[in-house]
Amino acid sequence: MDEFGKAAYNVLSVWLTLVAVLILVPAMFGISLGINEMYMKILVKTLEWATLRIQKGVKEIERLQRAATNGIIQRDAGFSIETEIAERKARRKAQIRGDFELNDVFYFSKKGVESIVEDEVTQRFTSEELVSWNLLTRTNNNFQYISVRVSLIWVLGVFIRYCILCPLRITLAAIGLSWLVIGTTIVGQLPSSRVKNLLSELVHLMCYRICARGLSATIHYHNKENRPKKGGICVANHTSPIDVVILANDGCYAMVGQVHGGLLGVIQRSMVKACPHVWFERSEMKDRQLVTKRLTDHVSDKTKLPILIFPEGTCINNTSVMMFKKGSFEIGGTIYPVAIKYDPQFGDAFWNSSKYSMVSYLLRMMTSWAIVCNVWYLPPMTRQEGEDAVSFANRVKSEIARQGGLVDLSWDGGLKRAKVKETFKEEQQKTYSKMIVGDDGN
Amino acid sequence: MSSSTNKRCRQPKPDEMTGFRTKISNREDFQRIPELAINPLGDRIINAFFSDGEDQVNFRAFMRTLAHFRPIEDNEKGKDPSSSEPLNSRNNKLLFAFRLYDLDKDDKISREELLQVLRMMVGVNISDEQLGSIADRTIQEADQDGDSAISFPEFVKVLEKVDVEQKMSIRFLH
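Bear in mind the structure is a predicted one, so any value in this text is a computation, not a measurement.

### Things to note about the overall build of chain A
Argument step 1. On a plain count of helices and strands, chain A comes out with 13 helices and nine strands.
Argument step 2. Across the 442 residues of chain A, 46% fall into the buried class.
Argument step 3. Across chain A, the fraction of contacts at a sequence separation of at least 24, relative to all contacts at a separation of at least 6, is 78%.
Argument step 4. For chain A, the accessible surface area stands at approximately 22700 Å², while carbon and sulfur atoms represent 61% of it.

### Topic: the nonpolar core
Argument step 1. Membership of the largest hydrophobic core comes to 55 residues, with the highest contact counts inside it found for A:Phe100, A:Phe106, B:Phe30, B:Tyr101, B:Leu114, B:Met121 and B:Phe155.
Argument step 2. Elements with a minimum of two residues in this core: helix H4 (104-117) and helix H13 (422-437) of chain A together with helix H4 (42-49), helix H5 (59-67), helix H6 (90-101), helix H7 (111-122), helix H8 (128-142) and helix H9 (152-158) of chain B.
Argument step 3. It is H4(A) that contributes the most residues to this core, seven residues altogether.
Argument step 4. In contact with B:Leu114, other than residues within four places in its own chain, are A:Phe100, A:Leu102, B:Tyr101, B:Ile109, B:Ala135, B:Thr138 and B:Ile139.
Argument step 5. Of all hydrophobic cores here, the second largest spans 42 residues; its members include A:Ile267, A:Leu308, A:Met366 and A:Cys373.

### With respect to unusual backbone geometry
Argument step 1. Unlike most non-glycine residues, A:Asn223 shows phi in positive territory, near 55°.
Argument step 2. For A:Asn223, the position within the fold is in the loop between strand E1 (217-222) and strand E2 (233-236).
Argument step 3. Residue B:Lys105 is not a glycine yet carries a positive backbone phi of 60°.
Argument step 4. Assignment of secondary structure puts B:Lys105 in the loop between H6 and strand E1 (108-109).

### Some thoughts on the pattern of salt bridges
Residue and element names in this part refer to chain A.
Argument step 1. Tallying each qualifying case throughout the model produces 19 salt bridges over all chains.
Argument step 2. Its salt-bridge partner being arginine 402, residue glutamate 399 comes within 2.9 Å of it at the nearest N-O pair. Here glutamate 399 and its partner arginine 402 are both found in helix H12 (residues 389-404), three residues apart, which amounts to about one turn of the helix.
Argument step 3. A relative accessible area of 58% means that arginine 402 is categorised as exposed.

### Quick word on the sheet that holds E1(A)
Residues and elements named next belong to chain A.
Argument step 1. With mixed pairing, seven strands are arranged side by side in an open sheet as E1-E8-E7-E2-E5-E3-E4. Pairing within the sheet leaves two strands with one partner each, and these edge strands are E1 and strand E4 (278-280). On average, each strand axis in the sheet is inclined to that of its neighbour by 25°, with strand direction left out of account.

### Examining the confidence of the model for chain A
All names here are of chain A.
Argument step 1. Confidence along chain A averages 81 in pLDDT terms, with 87% of residues attaining 70 or more.
Argument step 2. Confidence, expressed as mean pLDDT per element, reaches its minimum in chain A at helix H3 (residues 81-91) with 63 and its maximum at strand E7 (residues 335-342) with 93.
Argument step 3. In the predicted structure, residues 59-69 sits below a pLDDT of 50 and forms 13 contacts with residues beyond four places in sequence or in another chain.
Argument step 4. Residue range residues 93-97 is modelled with pLDDT below 50. Its contacts to residues more than four positions away, or to other chains, number five contacts.

### Some words on the pairing of strand E8 (residues 371-377) of chain A
Residue and element names in this part refer to chain A.
Argument step 1. In terms of burial, E8 is a largely internal element, six of the seven residues being buried.
Argument step 2. Two strands pair when backbone bridges link them, and E1 and E8 are joined in this way by six bridges, in the parallel orientation. Bridge pairing in E8 links isoleucine 219 to cysteine 373.
Argument step 3. Strand direction decides the pairing type here: E7 and E8, joined by five bridges, are antiparallel. Residue pairing across strands places tyrosine 342 opposite cysteine 373, the latter belonging to E8.

### Considering the side chain of A:Ser320
Residues and elements named next belong to chain A.
Argument step 1. When you line up the elements, serine 320 lands in strand E6 (residues 320-321).
Argument step 2. At a separation of 3.5 Å, a polar atom in the side chain of serine 320 contacts the side chain of arginine 124.
Argument step 3. Non-local contacts of serine 320, meaning those with residues more than four positions away in its chain, are made with Arg124, Glu312, Leu406, Val407 and Leu409.

### Focus: the UniProt feature "transmembrane region" (unreviewed entry) in chain A
Residue and element names in this part refer to chain A.
Argument step 1. Under the present numbering, the feature "transmembrane region" (unreviewed entry) in UniProt falls on residues 12-35, 146-164 and 170-190.
Argument step 2. Taken end to end, residues 12-35 is 75% helix and 0% strand, and its first and last C-alpha atoms sit 21 Å apart.
Argument step 3. The straight-line gap between the two end C-alpha atoms of residues 170-190 is 31 Å; of that span, 90% is helix and 0% is strand.

### Focus: the packing of aromatic side chains
Argument step 1. Applying the stated criterion to the full structure yields 17 aromatic pairs over all chains.
Argument step 2. Ring geometry for A:Phe329 versus A:Phe392: centroids 5.5 Å apart, planes at 85°, classification edge-to-face. With A:Phe329 in the loop between E6 and E7 and A:Phe392 in helix H12, this pair connects stretches of sequence that are 63 residues apart.
Argument step 3. We classify A:Phe329 as buried; its relative accessible area is 2%.
Argument step 4. Among the aromatic residues, those joined into a ring-pair cluster are B:Phe30, B:Phe49, B:Phe50, B:Phe59 and B:Phe62.
Argument step 5. Across from the ring centre of A:Phe280, 4.8 Å away, lies the NZ or CZ of A:Arg294, which sits over that ring.
Argument step 6. A cation sits over an aromatic face here: B:Arg27 above B:Phe50, 4.4 Å from the ring centre.

### Description of the pairing of E2(A)
Residue and element names in this part refer to chain A.
Argument step 1. Covered by surrounding structure in E2 are Ile233 and Val235 together with Cys234 and Ala236, the residues of both alternating faces.
Argument step 2. In terms of strand pairing, E2 meets strand E5 (residues 307-309) through three bridges, oriented parallel. Bridging from a neighbouring strand, isoleucine 233 pairs with isoleucine 307 of E5.
Argument step 3. Two strands pair when backbone bridges link them, and E2 and E7 are joined in this way by four bridges, in the parallel orientation. Paired with valine 235 across the strands is proline 337, a residue of E7.

So, how was this worked out
- Here, residues in each chain are numbered from 1, in the same order as that chain's written sequence.
- Naming scheme: in the order in which they are written, chains are lettered from A and ligands are numbered from 1.
- Local features in this predicted model are restricted to residues of pLDDT 70 or higher, and side-chain atom pairs are both shown and tallied only at a pLDDT of 80 or more, whereas totals for entire chains, interfaces and linings draw on every residue.
- The side-chain values count all of the structure's non-hydrogen atoms but skip hydrogen atoms and water molecules.
- Only DSSP runs of H or I with at least four residues qualify as helices, and only runs of E with at least two residues qualify as strands; both kinds are numbered from the N terminus onward.
- Between buried and exposed lies partly exposed: a residue is buried under 20% and exposed over 50% of the maximum accessible area for its type, with that area taken using a 1.4 Å probe on protein chains only.
- Here, residues are in contact when the closest pair of their heavy atoms is within 4.5 Å.
- Reported accessibility uses the Shrake-Rupley method at a 1.4 Å probe radius. Residues are deemed covered only where the shown protein chains occlude them.
- Here, nonpolar core means buried Ala, Val, Leu, Ile, Met, Phe, Trp, Tyr and Cys residues that are tied together by side-chain atoms lying within 4.5 Å of each other.
- Salt-bridge detection follows one rule: a side-chain nitrogen of Lys or Arg within 4 Å of a carboxyl oxygen of Asp or Glu.
- Here a strand pair is declared whenever DSSP counts at least two bridges between the two strands.
- Lines fitted to C-alpha atoms define the axes here, with helix axes fitted over just the stretch in contact, and angles between the N-to-C directions of these axes take values from 0 to 180 degrees.
- A score from 0 to 100, pLDDT tells how confident the predictor is in each residue.
- A 3.5 Å cut-off defines polar contacts: any pair of N or O atoms within that distance qualifies, except that in protein one atom must be a possible hydrogen donor and the other a possible acceptor, and neighbouring residues in sequence count only when both atoms are side-chain atoms.
- UniProt positions are given in the numbering used here, feature names are shortened, and annotations may be inferred rather than shown by experiment.
- Aromatic pairs are defined between Phe, Tyr and Trp rings, using the six-membered ring for Trp, whenever the two ring centres lie within 6.5 Å; interplanar angles under 30 degrees are classed as stacked, those over 60 as edge-to-face, and all others as tilted.
- Ring-over charges, as used throughout, are those where CZ of Arg or NZ of Lys falls within 6 Å of the ring centre and within 35 degrees of the ring normal.

Here it is in structure tokens:
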């Protein structure tokens with residue numbers, strides 16, 4: 001038994017040394033040894049081969065070229081209540097008693113059934129469907145057994161992901177988080193000065209880089225000249241808690257959020273010692289005035305780091321951008337929009353909080369192939385004269401959607417859990433009423 | 001196969017029905033679809049999926065109701081004439097619409113039923129009197145046997161010039 005213990009100890013120490021030298025040290029200084037690149041190249045080649053095999057095996061030859069936004073039913077662009085109104089007006093001969101026809105009900109029933117088959121909103125709260133399988137069981141919705149070779153590669157993939165990559169990643173994540181706590185606590189002991197800020201930024205960057213390696217994250221940053229500056233507000237579309245790690249790899253932000261208990265609480269408390277983040281108590285979150293005031297104070301201090309906010313308020317599946325809550329846009333200051341788009345081929349980054357807890361979500365992340373994403377820094381935007389917060393929010397949202405290639409929706413992300421407001425139905429009823437009695441409302 | 005994609009509409013596979021992948025089976029599940037919840041006739045449409053007294057809809061019933069919306073030209077010509085009329089024929093599409101109005105399922109649209117459905121579509125924006133006169137005019141124009149209600153043949157006659165095919169069909173892509 002003793003020999004076994006010694007052998008295990010040796011293996012462990014070799015393992016840790018390798019990890020430290022090959023991964024930790026380069027990560028801390030932002031250098032890359034090229035191991036990750038090589039892994040990604042091999043991965044891409046394998047997935048391409050698998051895709052070709054699957055397509056050969058499938059009976060239908062038509063290639064699934066559709067983009068995520070096309071959907072499964074044909075939408076009639078000219079079929080709207082507005083065109084109906086225009087048609088009616090052209091035909092109408094001063095009918096006093098209204099212009100109702102029995103077939104009006106067709107319009108609503110077709111729209112209704114279309115929305116039952118495929119609606120714009122509920123599909124955003126589940127993971128995106130892939131065009132071709134990426135050898136992960138979790139994305140295996142429509143793909144069946146193809147050949148022995150594909151299955152073998154899949155088994156090999158499972159082994160690599162669960163037995164080699166996953167423990168490695170967990171080790172890295174653990175090291176990264178503990179270093180974050182220890183590092184920020186140490187830096188927090190120093191008196192406020194430029195040195196402290198510099199050290200704090202260094203510590204934060206190092207830890208996030210280690211955490212990013214812990215997810216095998218490959219991030220491409222675009223337009224770095226638009227990176228958020230101090231005293232500004234950074235807004236981005238929200239897909240998962242990992243968004244924070246992705247963005248913080250390239251710059252330092254002041255985080256905004258609720259105070260949590262447990263491990264997360266420990267991390268939060270130590271982070272705030274090193275540099276000012278904005279953590280709210282649960283009770284304070286309800287008081288909108290208080291929230292706005294604290295954020296405004298933070299933003300007006302030009303020495304403080306830019307705040308990172310996700311105005312959607314909830315995780316969306318990265319195929320669309322949903323309504324931005326206007327609160328963040330009322331604070332003033334410069335808004336730096338950022339678009340984040342994950343490549344679903346390598347791993348599904350979306351956190352479906354009703355299906356998975358945080359821990360099982362992180363484990364899923366660590367057993368995917370990799371997290372690949374693109375981050376675009378967009379030029380800063382400010383509220384224009386006479387523009388209200390809601391229009392400003394929509395303007396920023398459109399920019400982010402356009403850059404990231406996402407669908408721009410005005411539906412509220414809160415519809416994940418809550419029911420839709422009656423006011424929307426009332427709007428439709430109003431429009432229809434105008435059609436059958438005319439605008440003059442006689 | 002690819003040349004007639006826009007006219008083609010094959011029978012959709014079960015896994016394409018978003019509804020059933022997220023397990024729609026009772027009325028509440030339907031109401032969770034925001035675009036349906038804000039549709040003025042949302043409740044009537046949901047009702048069309050459930051048979052009398054049932055609170056659950058299974059996949060078969062779901063598909064039968066959806067089949068009403070298949071495009072008409074999708075049916076093969078020269079089909080066996082003794083087989084029953086397909087669900088997406090013009091007649092059956094009109095029957096679907098008729099049933100949206102016929103609240104008590106007595107095969108007649110009475111003035112009361114018409115008023116109720118009208119009220120659903122216009123909300124609070126039109127007065128009772130105005131709505132009443134709209135209903136009266138509609139029944140007057142459609143009624144042929146003088147019973148102050150619209151039966152299904154009368155309904156069909158009124159809509160004989162309407163392009164039912166375009167207004168009541170949903171095409172699936174590829």
